[in-house]
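Observations on chain architecture
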Amino acid sequence: MTLLDTFQSVRKLRDNGASEPLAEAIVEVAQDAAEAATDDLATKSDLKSEVAEVKSDIAQLRAENRAALAELKSEIFRAMWFFGIGIITVNLTAIGIATGIIIAVN
């Protein structure tokens, strides 16, 4: 990746009193430093790839959450069903006991 117009930079340095070898050396050092500073920068392609990966991860997590929620709803429904049966059993037992007591008293 060219970040610096080397020809123009050498010319400016020469026009301001630098010798040709010195101007070329300064521009080369500047070019190397600029390239080293930008080696780890992400490109648009890199970013698009990362965004696609994150979107895929999010979609997978949503699917897993939906499955977990469906399972949780099923467990809650099952627990409520057994709780309801327990309440009915307790009430029927209480009614049976109360009926037995009433019959025994009369």
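Residues numbered from 1 in each chain as written. Predicted model: local features only at pLDDT ≥ 70, side-chain atom pairs only at ≥ 80, totals over all residues. Heavy atoms only, no water.

So, helix α1 (residues 6–15)
The criterion, for reference: Pairs of N or O atoms within 3.5 Å make up the polar contacts considered here, provided that, within protein, one atom can donate a hydrogen while the other can accept it, and that residues adjacent in sequence are counted only when both atoms are side-chain atoms. Strands here mean DSSP runs of E at least two residues long; helices mean DSSP runs of H or I at least four residues long; both are numbered from the N terminus.
For α1, the capping residue at the N-terminal end is Asp5, with a side-chain oxygen 3.4 Å from the backbone nitrogen of Phe7. One or two steps after α1, the chain reaches Gly17, where phi turns positive at roughly 105°.

Quick look at the environment of Asp40
What counts here: Relative accessibility thresholds used throughout: buried, under 20% of the residue-type maximum; exposed, over 50%; partly exposed, between the two (1.4 Å probe, protein chains only).
As for its placement among the helices and strands, Asp40 is situated in the loop between α2 (20–38) and α3 (44–105). With relative accessibility at 78%, the residue Asp40 sits in the exposed group. For the pair formed by Asp40 and Phe77, sequence separation is 37 residues and the distance between their alpha carbons is 53 Å.

Considering the pattern of salt bridges
Inclusion rule: For salt bridges, the criterion is a side-chain nitrogen of Lys or Arg within 4 Å of an Asp or Glu carboxyl oxygen.
Within this structure, the stated rule accounts for 1 salt bridge. For Arg14, the salt bridge identified is with Glu20, shortest N-O distance 2.9 Å. Using a relative accessible area of 35% as the deciding quantity, one classes Arg14 as partly exposed. Judged by relative accessible area, which is 32%, Glu20 ranks as partly exposed.

A word on the environment of Thr43
Here Thr43 lies in the loop between α2 and α3. Thr43 gets classed as partly exposed once you look at its relative accessible area, which sits at 40%. For the pair Thr43 and Ala59, spaced 16 residues apart in sequence, the C-alpha to C-alpha distance is 24 Å.

Quick look at the packing of α1 against α2
Stated formally: To obtain each axis, a line is fitted to C-alpha atoms, and for helices this fit is confined to the stretch in contact; angles are then taken between N-to-C directions over 0 to 180 degrees. Should an angle fall under 35 degrees it is taken as roughly parallel, and over 145 as roughly antiparallel, whereas 65 to 115 is taken as roughly perpendicular and any remaining angle as oblique. When the near helix sits turned anticlockwise from the far one by under a right angle, the crossing is termed left-handed; a clockwise turn instead gives a right-handed crossing. When checking whether two residues touch, look at their non-hydrogen atoms; a contact exists if any pair is within 4.5 Å. Basically, the charged four are Asp, Glu, Lys and Arg, the nonpolar ten are Ala, Val, Leu, Ile, Met, Phe, Trp, Tyr, Cys and Pro, and anything else, Gly included, counts as polar.
With their axes 9 Å apart at the nearest point, α1 and α2 run at an angle of 135° to one another. Here α2 runs oblique to α1, going by the angle between their axes. Both α1 and α2 take part in a crossing whose hand is right-handed. On α2, the residues touching Thr6, Ser9, Val10, Leu13 and Arg14 of α1 are Glu20, Ala23, Glu24, Ile26, Val27 and Gln31. Tallied by class, residues from the contact of α1 with α2 come to 5 nonpolar, 3 polar and 3 charged.

Remarks on a negative patch on the surface
Applied cut-off: Residues enter patches when they are more than 30% accessible in relative terms and free of salt bridges; like-charged ones are connected within 9 Å and nonpolar ones (Val, Leu, Ile, Met, Phe, Trp, Tyr) within 5 Å. Areas reported here follow the Shrake-Rupley algorithm with a probe of radius 1.4 Å; residue values treat only the protein chains shown as occluding. The charge count includes Lys and Arg as positive and Asp and Glu as negative, but it does not include His or the ends of the chains. By convention, the charge on Lys lies at NZ, on Arg at CZ, on Asp at CG and on Glu at CD.
Together, Asp46, Glu50, Glu53 and Asp57 give the surface a local cluster of negative charge. If you trace the backbone, Glu50 turns up in helix α3. Exposure remark for Glu50: the relative accessible area of 46% places this residue in the partly exposed category.

Quick word on the side chain of Ser9
Relative to the assigned elements, Ser9 resides in helix α1. Taking the relative accessible area as the measure of exposure, Ser9 reaches 18% and is therefore buried. Side-chain polar atoms of Ser9 contact the backbone oxygen of Asp5, separated by 2.9 Å. Excluding its chain neighbours within four sequence positions, the residues that come into contact with Ser9 are Leu4 and Val27.

Geometric values such as these leave the question of function open.
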